[in-house]
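# Structural overview for review
Residues per chain, in single letters:
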Amino acid sequence: MVKAVVGANWGDEGKGKITDMLSEHADMIVRFQGGANAGHTIKNKYGKFALHTLPSGVFYSHTTNIIGNGVALDIPKLVEEIRSLTDKGVPKPKILVSDRAQVVMSYHMLFDQYEEERLGKASFGSTKSGIAPFYSDKYAKIGFQVSELFAKDLLEEKVQRVCEMKNIMLEHFYHKPVLDPQEILDELLRYREMIEPYVADVSSYLAQGLKEGKTVLLEGQLGTLKDPDHGIYPMVTSSSTLAGYGAVGAGIPPREISQVITVCKAYSSAVGAGEFVSEIFGDEADELRRRGGDGGEFGATTGRPRRVGWFDCVASKYGCRLQGTDEVAFTVLDVLGYLDEIPVCVGYEIDGEVTTEFPTTAKLRRAKPVLETLPGWKCDITGIRDYGALPENCRKYIEFIEKSIGYPITMVSNGPAREDIIYRKGGK
Ligand code: GDP
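The structure displayed is predicted, hence computed values, not measured ones.

## Looking at helix H9 (residues 282-291)
Given 3.6 residues per helical turn, the α-helix brings residues three or four places apart onto the same face. Those residues of H9 not exposed but buried are Ala285, Leu288 and Arg289. Down the axis of H9, the sector holding all buried residues measures 100°, keeping them to one side. Exposed side chains of H9 directed beyond 90 degrees from the buried face belong to Asp283 and Arg290. Each element contacted by the buried residues of H9 is listed here: strand E13 (307-309). Gly293 sits one or two positions beyond H9 and adopts a positive phi of about 50°.

## Description of the site of the ligand
As a matter of local geometry, the ligand sits amid 19 residues, with Lys15, Gly16, Thr41, Asp334 and Ser413 nearest to it. A distance of 3.1 Å separates an oxygen atom of the ligand from a polar backbone atom of Glu13. The protein chains hide 96% of the 580 Å² of surface that the ligand would expose on its own. When contributions to the shell around the ligand are tallied by element, the ones reaching two or more residues are helix H1 (15-22) and strand E3 (40-44). The leading source of residues in the shell around the ligand is H1, at three residues. Partitioned by chemical class, the residues of the shell around the ligand number three nonpolar, nine polar and seven charged.

## A few points about the packing of aromatic side chains
Applying the stated criterion to the full structure yields 13 aromatic pairs. Between the aromatic rings of Phe111 and Tyr174, the centroid separation amounts to 5.8 Å while the plane-to-plane angle is 75°, which identifies the pairing as edge-to-face. Taken together, the positions of Phe111 in helix H3 (residues 106-119) and Tyr174 in helix H5 (residues 152-174) put the pair 63 residues apart, joining distant regions of the chain. Arranged with centres 4.8 Å apart and planes meeting at 85°, the rings of Phe134 and Tyr135 form a pair that is edge-to-face.

## Quick notes on the sheet that holds strand E1 (residues 2-7)
Within the open sheet, the 10 strands sit side by side as E9-E7-E5-E2-E10-E1-E11-E15-E19-E20. Their pairing is mixed. With one partner strand each, in any of the chains shown, strand E9 (199-200) and strand E20 (421-423) form the two edges of the open sheet. Direction of pairing for E1 relative to strand E10 (residues 216-223): parallel, over a ladder of five bridges. Counted as the bridge partner of Val2 is Val216 from E10. Across the sheet, H1 lies against E1, strand E2 (28-31), E10, strand E11 (257-265), strand E15 (327-331), strand E19 (409-413) and E20, angled at about 175° from E10, the strand it touches most. Here helix H10 (residues 313-323) sits on the sheet and contacts E1, E11 and E15; the angle it forms with E11, its principal contact strand, is near 160°.

## Side note on the pattern of salt bridges
A side chain with one charge may pair with a side chain of the opposite charge, provided their charged atoms come close. As enumerated under the stated definition, the model contains 25 salt bridges in all. The partner of Arg83 in a salt bridge is Glu80, and the shortest N-O contact between them spans 2.5 Å. Of this pair, Arg83 and Glu80 both sit in helix H2 (residues 75-87), separated by three residues, roughly a single helical turn. Glu115 is the salt-bridge partner of Arg118, the closest N and O atoms lying 2.8 Å from each other. Taken as a pair, Arg118 and Glu115 lie in helix H3 at a separation of three residues, close to a single helical turn.

Analysis parameters
Along each chain, numbering runs from 1 in the same order as the chain's sequence is written. In keeping with the model being predicted, local features are shown solely for residues with a pLDDT of at least 70 and side-chain atom pairs are shown and tallied solely at 80 or more, while totals for entire chains, interfaces and linings include all residues. By convention in this description, side-chain values take in all heavy atoms of the structure and omit both hydrogens and water. The rule is simple: take the accessible area with a 1.4 Å probe, protein chains only, and divide by the maximum for that residue type; under 20% is buried, over 50% is exposed, in between is partly exposed. In this description a helix means any DSSP run of H or I spanning at least four residues, a strand means any run of E spanning at least two, and both kinds are numbered starting from the N terminus. Taken from the helix axis, the directions to the C-beta atoms give the arc we talk about. In this description, contact between two residues means that some pair of their heavy atoms is separated by no more than 4.5 Å. Residue proximity to a molecule or strand is established when one non-hydrogen atom of the residue lies within 4 Å of it. By the criterion applied in these results, polar contacts are pairs of N or O atoms within 3.5 Å in which, for protein atoms, one can donate a hydrogen and the other can accept it, and in which residues neighboring in sequence qualify only through two side-chain atoms. Surface exposure here means Shrake-Rupley accessible area, sampled with a 1.4 Å probe, where a residue is shielded only by the protein chains that are shown. In this classification, the charged set is Asp, Glu, Lys and Arg, the nonpolar set is Ala, Val, Leu, Ile, Met, Phe, Trp, Tyr, Cys and Pro, and all remaining amino acids, among them Gly, are polar. A pair of aromatic rings is counted whenever rings of Phe, Tyr or Trp (Trp by its six-membered ring) have centres within 6.5 Å, and the orientation is called stacked for planes under 30 degrees apart, edge-to-face for over 60 and tilted otherwise. Strands are treated as partners if at least two bridges between them are detected by DSSP. Here the axes come from fitting lines to C-alpha atoms, over the contacting stretch only for helices, and the angles between their N-to-C directions go from 0 to 180 degrees. One speaks of a salt bridge when a side-chain nitrogen belonging to Lys or Arg is within 4 Å of a carboxyl oxygen belonging to Asp or Glu.

What follows is the structure, given as C-alpha cells:
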C-alpha cells in the first residue's frame, strides 16, 4: 500500500517527524518533489538532523529510501547529506535515485541568486538553491536527466546548446560572467561519478515492491499553500506539493495511494514572503517564535526566523481538501501550553464579507482574520501518551479545530521525538 505524508499549510508542519515515525512500519520512503531548498528536522536516538534531499526513512536499516523523478536533485548536497548521517553514527542507508530525476546545476543557483538580486525588495525570499531555474529548465526541456549523464556524446552537444542560451541571459540581462561549456561538461561528469552507485529504475522498483505487498511512504515537501497551482501564487514553490503529484513524482499509478496523512501544525508558521492572514507581530510573535518548534521557529535550511501566527482553519481546511486528506496529524501542540487564551482564525473578512473558503491570491491580499478565542490549558503536555489524559481545554482545542477543518485528527504530536505521539484512532 502507499501512504502519503504531506503538509496542509506553508510547510514546516512536522512532516519529517511523522515520516520518520511511520517509517518504522514502512519498506520504502520516497521523496517525489522539491529539492534541497527546504528541510525536515528530525530528532531521534542518533541526534538531531536537518534533511534536505534524503527521505526521512533513512534512520532505519530495513528501509529503502528513494529520490523520485519529480525531485530537483542536487548531487553534491545529497552526497554531503549522506556523509553527515554516517559521521553521526547512523548506519549507511539504502538509497536509490531515479534515473529520470533531473540535476540541479551550479548555474541554477547562480540564476536564482541573480534574479533575487535583480528583484530587490520584490524578491520571492528564495533560498537560492536553484529550484525555480531548475524547474523552468525542466519544463523548457533543457534540463539534464540523470540518465543523460551516462550518454557522453549527447551530453557534449546539449551542453553547447544550453550554454548558448544561458550566456545570452547572463551577458545581456544580468551582466554577469558567462558559462564555459567545458566547465559545465566537467561538472556533469563529476556528478555522474558521484551519483552512479545510487541510480535505478525507480518506478519499476516500486511497482515490484507494491506487487509484493510492500508499504511505501510518499514524503511531501512544503505544503498545499506553496503548491504552484493551488497555493498563494506567485509566492509558491516550483513543483507540486500535493499528494496527487506523488504518483507522478514517484512513478506509481494514482490509485495505489490509499491513505493521505496531512500534517497540520497547532499554530501557523511560514518562511519567505507571501500571504499569511493569521500572522502575528511584535512581542506576541517573538514569544511564539522563540518557544515554537523544537528550539524556536527558524528555517531548517537557512536559519531564517519563520513568520508565525495563529492556527488558520480556513487555510487548513482548504489545505486538507486539496491533499485528499484521510487523516490529520496535528503537531507541535505542546508549544501552546504557555498561553492563557489561544486565538484561532475561523474566517476571512474580505470586502466586508466573511468567508470560510480560501480565495485566490488577489482576494487573499485583502483578507482580515476573524478570530475566535479558546481558553488555554496552561501546562506542559509533553510525555502524555493517552488522549484522555490531556487537559480538558487542550482536548477542546483539538476538537474545535477538527470540527472547523472537517477532517479527523488521528495523531497528536506533543514533542519532537518519535515517541511523542498520541494516537486517537478514528478521530472525530
Ligand atoms: P517539516 O518540513 O514539515 O518536516 O517540518 P520542520 O522540520 O521544518 O519543522 C518542524 C519542527 O518542529 C522541527 O524542528 C521538529 O523537530 C519540530 N517538531 C515536530 N513535531 C513536534 C512536536 O510535536 N512538538 C515540538 N515541540 N516540536 C515538534
